[in-house]
Amino acid sequence: DQADLLENDQALEEEIQALRSQLQIDIVLVTTDDAEGLTPRQYADDFYDYNGFGYDEPRGDGVLMLIDMDHREVYISTCGKAIWYFTDERIDLALDAIAPKLTDGEYDEACETFLSLTEEFMTHAADEPLSYGFRLKLMLREHWFMTLVIAAVLTAITLGALARNKAM
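Definitions and cut-offs
- Residues numbered from 1 in each chain as written.
- Predicted model: local features only at pLDDT ≥ 70, side-chain atom pairs only at ≥ 80, totals over all residues.
- Heavy atoms only, no water.
- Helix = DSSP H or I, 4+ residues; strand = E, 2+ residues; numbered from the N terminus.
- Buried < 20%, exposed > 50% of the residue type's maximum accessible area, 1.4 Å probe, protein only.
- Contact = heavy atoms within 4.5 Å.
- Areas by Shrake-Rupley, 256 points an atom, 1.4 Å probe, with all protein chains shown as cover.
- Axes fitted to C-alpha atoms, helices over the stretch in contact; angles between N-to-C directions.
- Parallel < 35°, antiparallel > 145°, perpendicular 65-115°, else oblique.
- Nonpolar A, V, L, I, M, F, W, Y, C, P; charged D, E, K, R; others polar.
- Expected span 1.5 Å × (residues − 1).
- Polar contact = N/O pair within 3.5 Å; in protein donor to acceptor, adjacent residues only side chain to side chain.
- Phe/Tyr/Trp six-rings, centres within 6.5 Å; stacked < 30°, edge-to-face > 60°.

Caption draft 1: Quick look at the overall build of the protein. Within the protein, the regular secondary structure consists of seven helices and three strands. For the protein, the sequential pattern of α-helices and β-strands runs α-β-α-β-β-α-α-α-α-α. For the protein, with 168 residues in total, the buried portion stands at 36%. Counted over contacts in the protein with a minimum sequence separation of 6, partners at least 24 positions apart contribute 61%. Summed over its atoms, the accessible surface of the protein is roughly 10,000 Å², and 53% of this surface lies on carbon and sulfur atoms.

Okay, here's the thing in structure tokens:
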């Protein structure tokens, strides 16, 4: 946490250790406010490689999420078998879920979301659809206001129709 963004890094570390054993990949969360002139991709890849991360060996199986405050970007880097589970589509899904939390300054929650997504991705092969419950949970989490509006409109329509039928 080089950018000093995380409030509960100990709890995140405990969750990472549990997932690391379960999924057999290294999971790394990095925050920085100085990318040293590198792009987020370069910084993330170099950080993973030069610090010897990898579940099975240095530069082995793993995933890293970088919160780069220098460029105001988030980047996900993969290595080894994680490459097969973190497809471009899944990375985009993860970034879409994480970005609003970062915008709101909810850095711990963004990391929790990343860890949850890592578990979901690594337990479903890249060619398998993600579980319906997981996709629904993501949709509701990211679009809760729109879901609430749609539910209110549908309720109003239903009540209006019932009132009309009762009046006849």
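Caption draft 2: Up close: the packing of helix 1 (residues 9-23) against helix 5 (residues 107-122). It is the contact of helix 1 with helix 5, at a shortest axis distance of 11 Å, that shows an interaxial angle of 5°. Judged on the interaxial angle alone, helix 5 and helix 1 are roughly parallel. Side by side, helix 1 and helix 5 meet where D9, L12, E15, I16, L19, Q22 and L23 of the first sit next to D108, C111, E112, L115, T118, E119 and M122 of the second. The residue makeup of the contact of helix 1 with helix 5, split by class, is seven nonpolar, two polar and five charged.

Caption draft 3: Representation of helix 4 (residues 88-103) within the structure. With 16 residues, helix 4 should cover 22 Å at 1.5 Å per step; its first-to-last C-alpha distance of 22 Å lies within 8% of that length. When helix 4 is considered as a whole, its buried residues turn out to be R90, I91, A94, A97, I98, K101 and L102. Immediately downstream of helix 4, the backbone of G105 shows phi near 75°, a positive value.

Caption draft 4: Broad picture of the side chain of R90. Relative to the helices and strands, R90 resides in helix 4. Side-chain polar atoms of R90 contact the backbone oxygen of H124, separated by 2.9 Å.

Caption draft 5: Main features of the packing of aromatic side chains. Per the counting criterion, the structure on display carries four aromatic pairs. Ring geometry for Y43 versus F47: centroids 6.2 Å apart, planes at 25°, classification stacked. Of the two residues, Y43 and F47 are both situated in helix 2 (residues 40-50); the distance of four residues between them amounts to about one turn of the helix. Both residues of the pair, Y43 and F47, belong to the buried class. Judged by centre distance (6.0 Å) and plane angle (15°), the ring pair of F47 and F53 falls under stacked. A relative accessible area of 18% places F47 in the buried class. Under the relative-accessibility criterion, F53 is labelled partly exposed at 22%. Grouping aromatic residues by their ring pairs yields a cluster made of Y43, F47, Y48 and F53.

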